[in-house]
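# Analysis of the macromolecular model
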Amino acid sequence: MRFGINILNFGPGASPASLRRWVQFAEQVGFHLVMISDHVAITRDVQVEFPAPFYDPYIALSWIAGWTKKIALGTTVTILPYRHPLQTARIAANLDQLSGGRFIFGVGVGWAKEEFEALNIPFHRRGALANEYLEIIRMCWANDWASYDGEFISFNHIQTGPRPLRKTGPPIWVGGSSDAALKRAVRFGDAWHPYRVRVGWLKNVALPTIKRLAEEEEKPVPAICPRMTIRITDSSLPEHQRVAGEGSLEQIRADLIAMSEMNVPNVLLDTYTGNPEQTLHPEKDWKMLRILAENVLDLENEGLR
């Protein structure tokens, strides 16, 4: 099992210096992956949760790729409807090339209705848009020339180079926990990337569902690579009141052991609790992640203590 960190690229504390410090911390402690969130227009609904300044994930990750060598880099998640799929396919392929094949393409459909309105994109069609865009992106990565005639996008004889460094393209992690998201992960993804889940639901509901969908679609079962909010408490929390990653160190260890038994290959750790002032004091987040690394994670041996 490999572990990553969701680094905070937004809020009053966000700056080039803070992004560098986040990544340097991740490398120093031994994490395998850093990922960054995505928004294009910081409308009122976005500002409440993820306020400006908001650093673009592709520009920030390209910059980070230039001064790192081994740590994997990803988006959690690219909001697919916000960009033309030809643009997304190209910038993702560019980043995969520039990083030496270290890019992970986390994707989702989005949630901020006002942001969709500002970008003149139909909010109620975001799922259908995402599906068509993923089909186009996959096609562009696999061919030097591409043509497409779909419900939303049509183009003819477009040169796609440079292709991604990896022949099959960057791994696609599909976010979301709805039935539509699970089906999208099966159809287009290498992994399913849910957020804030309960272990029991993951094991007893989601995993059987995604296996059934994969069988129906005659596709491989995508890996499960969850994003887990970390909140360490002094004493155990009631099980019905917590999601995976919250509670005592023993509870978090049990969550990760259960995920390991489900063959989860990657877990993204997220320290953000929704308070923008948190971005001004990342040292508190780093202390919590270091405690977790020293007491639960075995980063050197890529497993659990």
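The structure displayed is predicted, hence computed values, not measured ones. (Residues numbered from 1 in each chain as written. Predicted model: local features only at pLDDT ≥ 70, side-chain atom pairs only at ≥ 80, totals over all residues. Heavy atoms only, no water.)

Mapped onto the elements, Ala-258 comes out in helix H9 (residues 249-261). By relative accessible area, which is 18% here, Ala-258 ends up buried. Taking C-alpha positions, Ala-258 is 9.2 Å from Gly-200, a pair spaced 58 residues apart along the chain. (Helix = DSSP H or I, 4+ residues; strand = E, 2+ residues; numbered from the N terminus. Buried < 20%, exposed > 50% of the residue type's maximum accessible area, 1.4 Å probe, protein only.)

A separate point is the layout of surface pockets. Here the largest pocket is characterised by a volume of approximately 480 Å³. Every residue lining the largest pocket is counted, 20 residues in all, and those nearest its centre are Thr-76, Val-77, Trp-111, Tyr-195 and Arg-227. (1 Å grid on protein atoms, 1.4 Å probe; cavity = no way out; pocket = protein on both sides within 12 Å on 5 of 7 lines; lining within 4 Å. Points joined across faces, edges and corners; volume = space filled by probe spheres on them.)

So, about the confidence of the model for the chain. Residues of the chain with pLDDT of at least 70 account for 98%, and the chain-wide mean is 96. Within the model, the stretch residues 301-305 combines pLDDT values under 50 with 20 contacts to residues more than four positions away or in other chains. (pLDDT = per-residue confidence, 0-100. Contact = heavy atoms within 4.5 Å.)

In the segment running from Ala-52 into Pro-53, the intervening peptide bond is cis, with an omega of 0 degrees. Following Gly-161, the chain continues into Pro-162 via a peptide bond in cis, with omega recorded as 5 degrees. Position of Pro-162 among the secondary structure elements: in the loop between strand E7 (154-159) and strand E8 (172-175). A positive phi angle, near 60 degrees, is found at Asn-120, a position not held by glycine. Tracing the chain through its elements places Asn-120 in the loop between helix H5 (113-118) and helix H6 (126-142).

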